[in-house]
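Next come the chains, spelled out residue by residue.
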Amino acid sequence: MSNLEASSAEFACAPGPADGIAVLTPRDVPLGGPRAMRVRRTLPQRDRSLIGAWCFVDHYGPQDLGRDGGMDVPPHPHTGLQTATWLFSGLVEHRDSAGVHALVRPGELNLMTAGAGICHSEVSVDPRSAPFLHGVQLWVALPDSARFAGRDFNHFAPEAVSLPGGTVLVFLGELAGHRSPVPSFTPLLGAQVDLDPRSDLALDVDPAFEHGVLCDQGAVSLGGVTLGVGELGYQGPGRTVLALRNAAGSPARVLLLGGVPFGEELVLWWNFIGRSHEEIVEFRRRWQDGDERFGEVRGYQGRLDRLPAPPLPPVRLRPRRPGGPQRP
């Protein structure tokens, strides 16, 4: 998914320590157009820019496509990252400049590697066949050693793992004795966790990881801290257990993200991840010039042939402080 904000702020991203459980509140962001689909964005933000290598989290829906319109994101570029799409309901058509044409379905990971450069489009399917769109769009920052890797695409449909108090779908990394076969460039965890009514679920986790819990539905708490729908709870490294509770008499659902704290500083602007102001300027110039670095999406039939980049801010893109509140 593209960042469609007309004025895109830059982010120089790095992890930071945290004591206890922190709660990140999302901001409402439109995905462009007069009937814009709106998403709840929890990463990046002023108080935290990464969880492991996870650097972007958009949570959307349930969206009634027949009433509210759907997703139509024209071809747009990426560098230095992977996009991970995870749906709870609905269908999305993906096309990219590596020649991949795929249908994104609920409960199936679709992981696209941009590396040195890629472009792709995302369009929700006819609402008559899939009337509600509901899911999460994630970005994974690539380490310096892999950020110019070739374009790639991985698909994986995990099986549900039953646990006392709920079930998990492990789409990246390892949890509850189950490992995803999808490779990652840094140690990562990604899983959907469904909690039974009035249940507690204690998950054994890697103490080297920091974790984020995105509440999708229900009355969920993380380590005793309540999370509202769309909020993301952060638990820092050093703990071997991640404690979830559903206090309600109905099921609840969260998305669990984790990883080893990312040790490299990044500059994230619009849909690009780089390491300096100069790199971002060059990425933008090449996209605007139609450079072959990003390739071409074939078969997209939408409102624009390609999405133009927003103007760069009138100041030099500069790093923010790692972790914690950022300077203006």
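If you check an unreviewed UniProt entry, the protein chain appears there as Pirin from Mycolicibacter terrae. Annotation of the protein chain in UniProt includes, under Sequence similarities (unreviewed entry), the sentence "Belongs to the pirin family."

J.: Would you mind showing me how to read the sheet that holds strand 4 (residues 38-43) here?
T.: Pairing between the strands of a sheet comes from backbone hydrogen bonds, and it takes one of two forms, parallel or antiparallel. As summarised here, the arrangement of the seven strands in space is 3-4-5-12-7-10-13, forming an open sheet in which the pairing is antiparallel. Either end of the sheet is taken by a strand with one partner, and the two such strands are strand 3 (27-30) and strand 13 (152-156). On average, each strand axis in the sheet is inclined to that of its neighbour by 20°, with strand direction left out of account. The pairing of strand 10 (residues 109-113) with strand 13 spans five bridges and is classified as antiparallel. In the strand pairing of strand 13, threonine 113 is matched with aspartate 152.

J.: Before we go on, may I ask you to explain the pairing of strand 24 (residues 241-246) in this structure?
T.: A regular strand places its side chains so that they alternate between the two faces of the sheet. Where burial is concerned, the two faces of strand 24 differ: the one with Leu242, Leu244 and Asn246 is buried and the one with Val241, Ala243 and Arg245 is not. Alignment of strand 19 (residues 199-204) against strand 24, held across six bridges, turns out to be antiparallel. Residue pairing in the sheet places serine 199 in a bridge with asparagine 246 of strand 24. Pairing analysis gives three bridges linking strand 21 (residues 220-222) to strand 24, with the strands arranged antiparallel. Paired with serine 221 across the bridge in strand 24 is arginine 245.

J.: Please explain the pattern of salt bridges as it appears in this structure.
T.: Should their charged atoms come close, side chains of opposite charge can pair. For the coordinates displayed, the defined rule picks out 15 salt bridges. Notably, a salt bridge pairs arginine 286 with glutamate 282, separated by 3.1 Å at the nearest N-O pair. A residue pair is termed a helical-turn pair when its members lie 3 or 4 positions apart in one helix, as arginine 286 and glutamate 282 do in helix 2 (residues 277-288) at four residues. Residue classification places glutamate 282 among the partly exposed positions, given a relative accessible area of 28%. The salt bridge involving aspartate 289 is made with arginine 285; its shortest N-O contact spans 3.0 Å. Judged by its relative accessible area of 52%, aspartate 289 is exposed. Given a relative accessible area of 40%, arginine 285 falls into the partly exposed group. Connected via shared salt-bridge partners are Glu282, Arg285, Arg286 and Asp289.

What counts and how
Residues numbered from 1 in each chain as written. Predicted model: local features only at pLDDT ≥ 70, side-chain atom pairs only at ≥ 80, totals over all residues. Heavy atoms only, no water. UniProt positions renumbered as here; feature names shortened; annotations may be inferred. Pairing = 2+ DSSP bridges. Helix = DSSP H or I, 4+ residues; strand = E, 2+ residues; numbered from the N terminus. Axes fitted to C-alpha atoms, helices over the stretch in contact; angles between N-to-C directions. Buried < 20%, exposed > 50% of the residue type's maximum accessible area, 1.4 Å probe, protein only. Salt bridge = Lys/Arg side-chain N within 4 Å of Asp/Glu carboxyl O.

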